[in-house]
Amino acid sequence: ANMRVCGLWLLLLVPIAGLDACADIVLNGPWLACRASELDTQQTKVFQESLDFHPTAMGLSSSCMTMQVPGTVLSGLLANGTFPGLWNDDTLWYDDNLRRIPDISESGAAFYTFRFRRLVPLAPPPDCPERDQP
């Protein structure tokens, strides 16, 4: 299949030349997010370039999770249960629960810095009416 690894920080650099007008590239939805500080040089290269990246096989299952785009890293961490007991709007805003989330000045930027990836099809769908036109 004609696929390309797309990093969230490279959204505007996805090659789109040659795509038909009816080929929508859907970027919202689930993305794989891995904590950047836990990826070594080789893992980062595989993460950015390989179509065959499996966090569990690379020993990264604890530092990678699925996050929704559009969204924030904090909302992704909450949805993945990083902060026990803070998983929905009812508990998050109750009493002083927000204090249980580490402030970036205390945890450091690395705690909230993730690399995102998703496989993005670059070919138009087969049923595209403009596909056969020159």
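Here we summarise the structure given alongside this text. (Residues numbered from 1 in each chain as written. Predicted model: local features only at pLDDT ≥ 70, side-chain atom pairs only at ≥ 80, totals over all residues. Heavy atoms only, no water.)

**Some remarks on the pattern of salt bridges**
Where side chains of opposite charge bring their charged atoms close, a pairing between them can arise. For the structure shown, the criterion picks out 1 salt bridge. The salt bridge partner of E38 is R35, with a shortest N-O separation of 3.7 Å. Assessed through its relative accessible area of 40%, E38 is described here as partly exposed. By relative accessible area, which is 12% here, R35 ends up buried. (Salt bridge = Lys/Arg side-chain N within 4 Å of Asp/Glu carboxyl O. Buried < 20%, exposed > 50% of the residue type's maximum accessible area, 1.4 Å probe, protein only.)

**A word on the environment of S50**
Along the chain, S50 falls in the loop between α1 (41-49) and β3 (64-69). The exposure class of S50 is partly exposed, given its relative accessible area of 21%. Considering only alpha carbons, one finds S50 and L119, 69 residues apart in sequence, at a separation of 9.8 Å. (Helix = DSSP H or I, 4+ residues; strand = E, 2+ residues; numbered from the N terminus.)

**Topic: the packing of aromatic side chains**
A complete count under the given rule lists 2 aromatic pairs for this structure. Ring centres of F111 and Y112 lie 4.8 Å apart, and the angle between their planes is 85 degrees; on these two criteria the pair is classed as edge-to-face. Take F111: its relative accessible area is 22%, and that puts it in the partly exposed class. The exposure class assigned to Y112 is buried, which follows from its relative accessible area of 17%. Here the basic side chain of R35 rests over the ring of F111, its NZ or CZ set 4.7 Å away from the ring centre. (Phe/Tyr/Trp six-rings, centres within 6.5 Å; stacked < 30°, edge-to-face > 60°. Lys NZ or Arg CZ within 6 Å of the ring centre and 35° of its normal.)

**Some words on unusual backbone geometry**
Backbone torsion omega between V69 and P70 reads 5 degrees, so that peptide bond is classified as cis. Mapped onto the elements, P70 comes out in the loop between β3 and α2 (73-79).

**A word on the environment of V69**
Secondary-structure assignment places V69 in strand β3. With a relative accessible area of 15%, V69 lands in the buried category.

**Focus on the nonpolar core**
Core analysis: the largest hydrophobic core is formed by 15 residues, its most contacted members being M67, V73, L77, F83, I101, F114 and F116. Only β2 (29-35), β3, α2 and β4 (114-121) provide two or more residues apiece to this core. Apart from residues lying up to four places away in sequence, M67 is in contact with G29, P30, W31, A33, V73, G76, L77, N80, F114 and F116. Residues V46, F47, F53 and L60 belong to the second largest nonpolar core, which totals 7 residues. (Core = buried A, V, L, I, M, F, W, Y, C linked by side-chain atoms within 4.5 Å. Contact = heavy atoms within 4.5 Å.)

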